[in-house]
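Architecture at a glance
Now for the letters of each chain:
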Amino acid sequence: MKAVVFNQHGGPEVLQYTDVPDPEIAANEVLVRVRACALNHLDLWVRRGLPGVRIPMPHIPGSDIAGEVARVGNLVSDVRVGERVLLSPGISCGHCQACSSGAENRCRKYTLFGYGVDGGCAEFVKSPIANIIPIPEDMKFEEAAAIPVVFLTAWHMLITRAQLQPGEDVLVLAAGSGVGSVAIQIAKLTGARVIATAGSDAKLVKARELGADDLINHSKQDIMEEAKRLTGKRGVDVVIEHVGEATWEKSVLSLAQNGRLVTCGATTGYNGKFDLRYLFSRNLSLLGSFMGSRAELYTVLKLVIEKKLHPVIDRVMPLAECAKAHELLENRAQFGKIVLKV
Ligand SMILES: [Zn+2]
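For the structure given in this document, a descriptive report is provided here. (Residues numbered from 1 in each chain as written. Predicted model: local features only at pLDDT ≥ 70, side-chain atom pairs only at ≥ 80, totals over all residues. Heavy atoms only, no water.)

**Observations regarding the coordination of the zinc ion**
Tetrahedral coordination by four donors places them ideally at 109.5 degrees to one another around the metal; octahedral coordination by six donors ideally gives 90 or 180 degrees. Here is the rule: Metal coordination here is assigned from N, O and S atoms located within 2.8 Å of the ion, or within 3.2 Å for Na, K and Ca; omission of water means that sites may look incomplete. Just to be clear on the cut-offs, tetrahedral is four donors with all angles between 85 and 135 degrees, square planar is four donors and octahedral six with opposite donors over 155 degrees apart and all others between 65 and 115, and anything else goes down as irregular. For the exposure calls, accessible area comes from a 1.4 Å probe over protein chains only, and a residue counts as buried if that area is under 20% of its type's maximum, exposed if over 50%, partly exposed in between.
Only Cys93 (SG), Cys96 (SG), Cys99 (SG) and Cys107 (SG) from the protein reach the zinc ion as donors, at distances of 2.3 to 2.4 Å. Taken together, the four donor atoms surrounding the zinc ion define angles of 106 to 115° at the centre, an arrangement classified as tetrahedral. Mapped onto the sequence, the donors of the zinc ion take the spacing C-x2-C-x2-C-x7-C. Cys93 gets classed as partly exposed once you look at its relative accessible area, which sits at 25%.

Given below as structure tokens:
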């Protein structure tokens, strides 16, 4: 089959579009003919290499996968060949305490397609039966692939971790990112007021279209000062952080009394600093968030099917142009998801 493979960490140039053997499935696995695979910032980290993480080589990246069932193992009975599906991106052991309580993302063996195992930048991918989720006939594969990682991440951050309430003020950083563009929608659906930031006016126009109430151009305006101004000096109840070092201190300072900062990433660096006095004197909460459960993915998928939430796709490119797509994502040239068509 055709696939995008890398044999060593590095820049986009390590990604090779080439022929590799088809995956072989076990009796309890499903072979999926990939039709679309969406990129995430995670793909960039996996390609560059993460300290303390061993990525198996040669490696096929890609965590957000949609396609059709091509073959099923002998022990698989509930999935039929030809069925249109998306793959729940997280793979877990399925029987530890975390998995048994529906919190697979806290499983010690948790990994993702395109991370600990081969991903969807290929014509075929093998999947555990538990990861197969059917999609409606009228949902395009590109749309389906744009859902899993960012919708799950944003839902887990806002609803499960920050417990966002109607009427609260939310600051969503980097509205043009996959997580940002979805967080705006989920926060609005909850009945919150959304203040979105982006580095260009063109991205802010799109953030407004997604429902953002107020906008901050962080290349011209100070995020904290604007957040305070827009809330009558009170500050915001929730900050959706995934930028890291470049914004961390301002994000903490933007919080109101009892505010919650929830983070799922640190694309600009890991060393966030802040004055601890703010943490205790303002009753703040700093929350980490990593992916989410399969049950949460079913919830967000239902809301997408009901057209209450919408996948945000910047562009669709052929799989062969995966390296170029990585470059676009690296340069933050996109608004929403870049999807590779297979
Ligand atoms: Zn487990």
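**Observations concerning the packing of aromatic side chains**
Counted only if it meets this: Only Phe, Tyr and Trp rings take part, Trp by its six-membered ring, and two of them pair if their centres are within 6.5 Å. Stacked means planes under 30 degrees apart, edge-to-face means over 60, and tilted covers everything else. Strands here are runs of E lasting at least two residues and helices are runs of H or I lasting at least four, both read from the DSSP assignment and numbered beginning at the N terminus. For a Lys NZ or an Arg CZ to count as sitting over a ring, it must be within 6 Å of the ring centre and within 35 degrees of the ring normal.
Inspection of every chain in the model, using the stated rule, returns two aromatic pairs. On the numbers, 5.8 Å between centres and 80° between planes, the contact of Tyr110 with Phe290 is edge-to-face. Here Tyr110 is found in the loop between helix H2 (97–100) and strand S7 (111–112), whereas its partner Phe290 is found in the loop between strand S15 (285–288) and helix H10 (294–305), with 180 residues between them in sequence. Residue Phe290 is classed as partly exposed on the basis of its relative accessible area of 46%. Across from the ring centre of Phe124, 5.8 Å away, lies the NZ or CZ of Arg33, which sits over that ring. Taking the ring centre of Trp45 as reference, the NZ or CZ of Arg48 above it sits at 5.2 Å.

**Quick word on H10**
Along an α-helix, residues three or four positions apart point the same way, because every turn accommodates 3.6 residues. Formally: A helix's residues, less one, multiplied by 1.5 Å, set its expected span. By definition in these notes, contact holds between two residues if any of their heavy atoms fall within 4.5 Å.
Between its first and last C-alpha atoms H10 spans 16 Å; for twelve residues at 1.5 Å apiece the expected length is 16 Å, and the two agree. In the core, the buried residues of H10 are packed alongside strand S5 (84–87), strand S9 (132–134), helix H4 (148–161) and helix H5 (178–190). One or two residues past the end of H10 sits Lys307, with phi positive at roughly 60°.

**So, the pairing of strand S14 (residues 255–263)**
Spelled out, the test is: If DSSP finds at least two bridges between two strands, the strands pair. Place the viewer so that the strands point away; then a crossover is right-handed whenever the path from the first strand over the helix to the second strand goes clockwise.
With seven of nine residues buried, S14 is to be regarded as a mostly interior element. Two elements, strand S13 (residues 236–241) and S14, share five bridges in a ladder whose sense is parallel. From the neighbouring strand, Val239 faces S14, where its bridge partner is Leu261. Between the parallel elements S13 and S14, the chain passes through helix H8 (residues 248–253) in a crossover that is right-handed. Both S14 and S15 contribute to a ladder of four bridges, which runs parallel. Within S15, the position partnered with Leu261 by the bridge is Leu286.

**A look at the sheet that holds strand S12 (residues 214–217)**
Counted only if it meets this: Angles shown run from 0 to 180 degrees and are taken between the N-to-C directions of axes, each axis being a line fitted to C-alpha atoms and, for helices, limited to the stretch in contact.
Taken together, the six strands give an open sheet; going across it, the order is S12-S11-S10-S13-S14-S15, and neighbouring strands pair in parallel fashion. Either end of the sheet is taken by a strand with one partner, and the two such strands are S12 and S15. When the angles between neighbouring strand axes are averaged without regard to direction, this sheet yields 20°. Both strand S11 (residues 193–198) and S12 contribute to a ladder of four bridges, which runs parallel. When the sheet's bridge partners are listed, Ala198 is paired in S12 with Asn217. On top of the sheet, helix H6 (residues 201–209) reaches S11 and S12; it is set at about 165° to S12, its chief contact.

Such coordinate-based values are descriptive only and should not be taken to indicate function.
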